[in-house]
Amino acid sequence: MLPAGRSGRWAVSLFLLSLFLFMVPWFPESLATIGGILAVAALIGSVVCTFASRKHSVRDALRTGLGRLSVAALAASAVVAAASLVVTFDPGLYGAAGILGLIAGVLGVLAWFRLSSDRIRLLPHTAVGWWSAGILAPSAIVQFSPWASLSGPAGIAATGAALVAILCYHERSVLSAAALVTTATMLFYFYALFLVSNLIRS
Amino acid sequence: MAIALAPQTAAGKWAAVFAVAAVLNVAVLSALPNPVFYPQRLGDGTGLELGGAFLTWAGVSAVLGLVGLLHYRERSALNWVITLFGGAAVIWLAVQQLALTATPL
């Protein structure tokens, strides 16, 4: 049942730990932000650890074309985020930075898939993979409705389903990769915005 | 045909892991000394409230239990309990969250 290899187990432990951290009600506001960032960083770290097997290192993944694209998107995202927070103060531009970060995350996961020389598909081919993508879609849509409070739990459910699909059922599809990274990335940019704006104000 | 007690498939086992984590998390949160009362609404204040915390875990657990039941011939007693109880908890808590957040103040 547990994923083979030390890294898969690290991934799952980090995922569980980050969910715990995320749920602790910290009381001062800045601590809450830092706690949230730590939790989401652990979530993203778990996604990275998911694919770091003995055979392949992070460097190998970054050497592939997809890995280079991912790094480029991440750098562009950082530049755009800095520009929006320091120069233009434009929330729309910060949203664009978040989308670039999301693209970087999906490309990074795909680079790991490619490294293990598995065929990457667009659509999932396992049942859990379909469920992860199917939960992610309403979670993203509901965000803009009065039921936005259900978006987070649904997104985490999509992340969990994608994690199980990739680790246990050998799912290698773009949609599942998106389900794996979307919630973590969105939460990360959300908390980073709070931290940076607090720093700028103080 | 004997019905197994513990889950047999990966999806069912993961559902059990998340269910245990849900109970543990609520236990930890209840035991913590909390200077500020849990915020009444999601996103209002610093942390998620207790029900929201349970909702997230139970959501993962119920989804995985349902997937095992529907697609991977998971028929163990524990999986039935997790899926039915988790699903009921998710619906109940989601309705409560909606009652708190979707009504104008």
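Would you mind going over the confidence of the model for chain B with me for this structure?
Close reading of the predicted structure is inappropriate where its pLDDT is low. Residues and elements named next belong to chain B. Model confidence for chain B is summarised by a mean pLDDT of 76, while 70% of its residues fall at 70 or above. Between the elements of chain B, mean pLDDT differs from a low of 82, seen in helix α1 (residues 10-31), to a high of 85, seen in helix α2 (residues 50-71). Counting contacts from residues 35-48, a segment whose pLDDT is below 50, to residues more than four positions away or on other chains yields 28 contacts.

Can you help me understand helix α8 (residues 174-201) of chain A in this one?
Because an α-helix completes one turn every 3.6 residues, residues spaced three or four positions apart along the sequence face the same direction. For α8(A), with 28 residues, the first-to-last C-alpha span of 39 Å sits near the 40 Å given by 1.5 Å per residue. Along α8(A), the largest kink reaches about 35° and is centred on V181(A).

Help me understand the packing of aromatic side chains, please; the structure alone is not making it clear to me.
Aromatic ring pairs are defined here through the distance separating the ring centres and the angle between the ring planes. Residues and elements named next belong to chain A. According to the stated counting rule, one finds five aromatic pairs over all chains in the structure shown. Aromatic pair Y94 and Y189: ring centres 6.1 Å apart, planes at 65°, arrangement edge-to-face. One end of the pair, Y94, is in helix α5 (residues 91-115); the other, Y189, is in helix α8, with 95 residues separating them in the sequence. In this pair, the class of Y94 matches that of Y189, namely buried. Centroid distance F188 to Y189: 6.1 Å. Interplanar angle 80°. Geometry classified as edge-to-face. Exposure remark for F188: the relative accessible area of 28% places this residue in the partly exposed category. Each member of the aromatic cluster is reached from another via a ring pair, and the members are Y94, F188 and Y189.

Could you clarify how one ought to interpret the side chain of T182(A) in this entry?
Checked against the element boundaries, T182(A) lands in helix α8. Polar contacts involving the side chain of T182(A) include one to the main-chain carbonyl oxygen of A178(A), which spans 2.5 Å.

Cut-offs used in this document
Residues numbered from 1 in each chain as written. Chains lettered and ligands numbered in written order. Predicted model: local features only at pLDDT ≥ 70, side-chain atom pairs only at ≥ 80, totals over all residues. Heavy atoms only, no water. pLDDT = per-residue confidence, 0-100. Helix = DSSP H or I, 4+ residues; strand = E, 2+ residues; numbered from the N terminus. Contact = heavy atoms within 4.5 Å. Expected span 1.5 Å × (residues − 1). Bend = angle between axes of the 7 residues up to and from the residue. Phe/Tyr/Trp six-rings, centres within 6.5 Å; stacked < 30°, edge-to-face > 60°. Buried < 20%, exposed > 50% of the residue type's maximum accessible area, 1.4 Å probe, protein only. Polar contact = N/O pair within 3.5 Å; in protein donor to acceptor, adjacent residues only side chain to side chain.

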